[in-house]
Amino acid sequence: MQNIYNVKSVEESWAVAAEVVKLLKPGTVMALHGDLGAGKTTFMQGIAIALHLERPVTSPTFTLSNEYNAAQFKLVHMDLYRLTSPDDLLAIGYAEHIENGAVVAVEWPERAEDLIPADAIHIYLEQGDEMEDRRIIVEQP
Ligand SMILES: Nc1ncnc2c1ncn2[C@@H]1O[C@H](COP(=O)(O)OP(=O)(O)OP(=O)(O)O)[C@@H](O)[C@H]1O
Ligand SMILES: [Mg+2]
């Protein structure tokens, strides 16, 4: 399945995130692709709103990983921008999170490509012409 959305505001990106939430199941990995500032973390804020999380999502750029408890599953939000080796991802419990039924969202998945499962949901965020324009591509095998 591939869906392409052309959005014109953060709120419209959050509406796409609300659609993606319907695809999430325990153990799902969601790979968030896009340049610096493309809107990966902002998209995750939309995921959090749709999941009715109490705590707002903040960027895990420095912590590498943030965890949230949704009613349906644990949400783990990772940012691999600063990852030096895929082994470091395993060291912080990536595989266990998936095994234990968390939904694991990964910014900069290219840093650990071999660890992204074949059935992952891929989200591609691209800047459009105007400041708040984004093209969001949602792919699921
Ligand atoms: N339609 C939109 N969707 C998402 N973000 C948008 C949109 N329009 C404007 N923005 C803004 O773009 C910025 C995106 O920053 P964000 O931190 O989400 O990017 P990121 O892809 O996570 O970057 P990084 O790789 O540095 O973590 C935010 O300031 C957000 O408000
Ligand atoms: Mg980010």
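Everything in this summary refers to the structure shown in the same document. (Residues numbered from 1 in each chain as written. Chains lettered and ligands numbered in written order. Predicted model: local features only at pLDDT ≥ 70, side-chain atom pairs only at ≥ 80, totals over all residues. Heavy atoms only, no water.)

With that settled, the discussion passes to the packing of aromatic side chains. For the coordinates displayed, the defined rule picks out one aromatic pair. Plain terms: the ring middles of Y81 and W108 are 5.0 Å apart, the flat faces sit at 55 degrees to each other, and that makes the pair tilted. Taken together, the positions of Y81 in the loop between strand 4 (74-79) and helix 3 (86-91) and W108 in the loop between strand 5 (103-107) and strand 6 (121-127) put the pair 27 residues apart, joining distant regions of the chain. Owing to a relative accessible area of 32%, Y81 belongs among the partly exposed residues under this scheme. Taking relative accessible area as the criterion, W108 reaches 15% and is therefore assigned buried. (Phe/Tyr/Trp six-rings, centres within 6.5 Å; stacked < 30°, edge-to-face > 60°. Helix = DSSP H or I, 4+ residues; strand = E, 2+ residues; numbered from the N terminus. Buried < 20%, exposed > 50% of the residue type's maximum accessible area, 1.4 Å probe, protein only.)

Moving on, we get to the side chain of H77. When you line up the elements, H77 lands in strand 4. Looking at H77, its side chain comes within polar contact range of the side chain of E107, at 2.7 Å. Excluding residues within four positions of it along the chain, H77 makes contact with T41, M44, V57, T58, P60, L64, S65, N66, Y68, A105 and E107. (Polar contact = N/O pair within 3.5 Å; in protein donor to acceptor, adjacent residues only side chain to side chain. Contact = heavy atoms within 4.5 Å.)

Our focus in this paragraph is the site of ligand 1. Close to ligand 1 lie 17 residues, the nearest being S13, K40, T41, T42 and E132. One nitrogen or oxygen atom from the side chain of W108 is found 3.0 Å from an oxygen atom belonging to ligand 1. Between ligand 1 and R134 there is a distance of 3.1 Å, counted from an oxygen atom to a side-chain nitrogen or oxygen. Considered on its own, ligand 1 offers 640 Å² of accessible surface; in the complex 74% of this is hidden by protein. Looking at the shell around ligand 1, the elements with two or more residues in it are helix 1 (10-21) and helix 2 (40-50). (Near = heavy atom within 4 Å. Areas by Shrake-Rupley, 256 points an atom, 1.4 Å probe, with all protein chains shown as cover.)

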